[in-house]
Amino acid sequence: MEADTVKRIGIIGVGEIGRAIVMGLRHGGGGPSPEVFLSPRGARAAAELSARYEGVQVCADNQAVVDRSELVIIAVRRQDRHDALAGVTVDGDKVVVNVMAGVGNDDLRQTLATDVPMVRAIPLPAIRERRSVTVVHPSHPQVNSLFEQLGGALPVADEAAFDVFSTLTGTLTTHYAYLATLTSWAAGQGIASDDADRYVRGLFQGVGRALSDETRSLHQLAADHETPNGSNERIRTTWFDPANSKALKKALDDLLADLQ
């Protein structure tokens, strides 16, 4: 077994991201999968995952998760971290992966009172299908190897850069809301809601596939989908105008400030 391969992974906080990590580790691919130990937090999801996948177990408490694991992922909500980690001891040759938004490693290290290696990461739900790049800081061979299995790892130089990437993740539901608004508008024009929904999904799934072409910049992709004085140019310049762009950047600035 390679030195960077993790055989035992613990997850404290089995919410959406914890579930996605387990599913990603069990999603196709060759080679042996690591054992996974889940905390009783998120009991329903933990029980479902342990029943569905071989090698996934629910532990009696969070300390048991730590004790049985080489790499421990902390995935509780930011506001729940002190309660969830009260009395938990992490020492020895463990590695801690901090996936809590807005919680720096110094903060978590103080909470756990530990000197073990600690890495921040931004796993997204698409890791369940191994289709999402995960930003990590600092770079660590075992953590990088884990997320390479789940779609790719992107180590960044410092926490300032990490916070910028974390801010970008705050735009995901805005994208879905934009698509829902298009569907609602079409329904308001007399189109059946199911037909509008189906068409908008297909329209933007095609756009999403174009993103895999990394030979073209995002600006180039936009230009390639647009003709001079055409419909796409009209919506882009009349709706996504300089004021709209400025408002978006201001919202991102404010979120970044809160995460730092």
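You'll find the structure just up there.
Keep in mind it's a predicted model, so treat the numbers as computed, not measured. (Residues numbered from 1 in each chain as written. Predicted model: local features only at pLDDT ≥ 70, side-chain atom pairs only at ≥ 80, totals over all residues. Heavy atoms only, no water.)

K.L.:
Quick question: what am I supposed to make of helix α9 (residues 193-210) here?
P.N.:
Along an α-helix, residues three or four apart share an orientation, since each turn contains 3.6 residues. Here α9 is 18 residues long and its end C-alpha atoms lie 26 Å apart, about the 26 Å a rise of 1.5 Å per residue gives. For α9, the complete set of buried residues consists of Ala196, Val200 and Ala210. Down the axis of α9, the buried set is contained in an arc of 75°. They therefore lie on one face. Exposed side chains of α9 directed beyond 90 degrees from the buried face belong to Asp194, Asp195, Arg198, Arg201 and Arg209. Close packing links the buried residues of α9 with α8 (172-188) and α10 (218-224). (Helix = DSSP H or I, 4+ residues; strand = E, 2+ residues; numbered from the N terminus. Expected span 1.5 Å × (residues − 1). Buried < 20%, exposed > 50% of the residue type's maximum accessible area, 1.4 Å probe, protein only. Arc of directions from axis to C-beta. Contact = heavy atoms within 4.5 Å.)

K.L.:
I would appreciate a short explanation of a nonpolar patch on the surface in the present structure.
P.N.:
A cluster of nonpolar residues, Ile235, Trp239, Phe240 and Leu248, forms a patch on the protein surface that exposes about 400 Å² of accessible area. Within the element layout of this structure, Phe240 appears in the loop between α11 (231-238) and α12 (242-259). (Patch = residues over 30% accessible without salt bridge, like charges linked within 9 Å, V, L, I, M, F, W, Y side chains within 5 Å. Areas by Shrake-Rupley, 256 points an atom, 1.4 Å probe, with all protein chains shown as cover. Salt bridge = Lys/Arg side-chain N within 4 Å of Asp/Glu carboxyl O.)

K.L.:
What exactly am I supposed to notice about the packing of aromatic side chains here?
P.N.:
Each aromatic ring pair is characterised by the separation of its centres together with the angle its planes make. Scanning the model with the defined rule gives three aromatic pairs in all. When the centroid spacing of 6.1 Å and the interplanar angle of 85° are considered together, the rings of Tyr178 and Phe204 count as edge-to-face. With Tyr178 in helix α8 and Phe204 in helix α9, this residue pair connects regions lying 26 residues apart in the sequence. For Tyr178, a relative accessible area of 30% translates into the label partly exposed. Every member of this aromatic cluster is reached through a ring pair, and the members are Tyr178, Phe204, Trp239 and Phe240. (Phe/Tyr/Trp six-rings, centres within 6.5 Å; stacked < 30°, edge-to-face > 60°.)

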